[in-house]
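What follows is each chain in one-letter form.
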Amino acid sequence: MEFAGMDYFCDQVQQKDVGRRMQVGQELLEYLGDPARSTDLEQDQQRLDKVIDELTAWVNSSNFKVRL
């Protein structure tokens, strides 16, 4: 599956479904771990900031799997 980059993750991290959050979390880790795929990180600081803000909310989630 090919992702659109930060646009994709910006939309996906807002999902409320726990199962989807788990999947998106793994996809985001793989994306960030591969410099060839994550070339748009430095170019779109605003979207990156939004993704980080949403992930901060995940840390406060009542579901321990999402927090991890």
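Refer to the preceding data block for the structure.
Scope of this entry: the structure provided in the associated data block. (Residues numbered from 1 in each chain as written. Predicted model: local features only at pLDDT ≥ 70, side-chain atom pairs only at ≥ 80, totals over all residues. Heavy atoms only, no water.)

A separate point is the nonpolar core. Formed by Met6, Tyr8, Phe9, Cys10, Val13, Val24, Leu28, Tyr31, Leu41, Leu48, Val51 and Trp58, the largest nonpolar core amounts to twelve residues. Excluding residues that lie within four positions of it along the chain, Leu41 makes contacts with Met6, Tyr31, Leu32 and Leu48. (Core = buried A, V, L, I, M, F, W, Y, C linked by side-chain atoms within 4.5 Å. Buried < 20%, exposed > 50% of the residue type's maximum accessible area, 1.4 Å probe, protein only. Contact = heavy atoms within 4.5 Å.)

Moving on: helix 2 (residues 18-33). Here helix 2 is 16 residues long and its end C-alpha atoms lie 23 Å apart, about the 22 Å a rise of 1.5 Å per residue gives. Restricting attention to buried positions, one finds in helix 2 the residues Arg20, Arg21, Val24, Gly25, Glu27, Leu28 and Tyr31. (Helix = DSSP H or I, 4+ residues; strand = E, 2+ residues; numbered from the N terminus. Expected span 1.5 Å × (residues − 1).)

Okay, the pattern of salt bridges next. Enumeration according to the criterion identifies two salt bridges in this entry. Between Arg47 and Asp7 there is a salt bridge, and its shortest N-O distance comes to 2.3 Å. Highlighted residues: Arg47 in helix 3 (residues 45-59) and Asp7 in helix 1 (residues 6-12), separated in sequence by 40 residues. On the accessibility criterion, Arg47 (32% relative accessible area) is partly exposed. Asp7 gets classed as partly exposed once you look at its relative accessible area, which sits at 36%. The salt bridge involving Arg20 is made with Glu27; its shortest N-O contact spans 4.0 Å. For Glu27, a relative accessible area of 8% gives the class buried. (Salt bridge = Lys/Arg side-chain N within 4 Å of Asp/Glu carboxyl O.)

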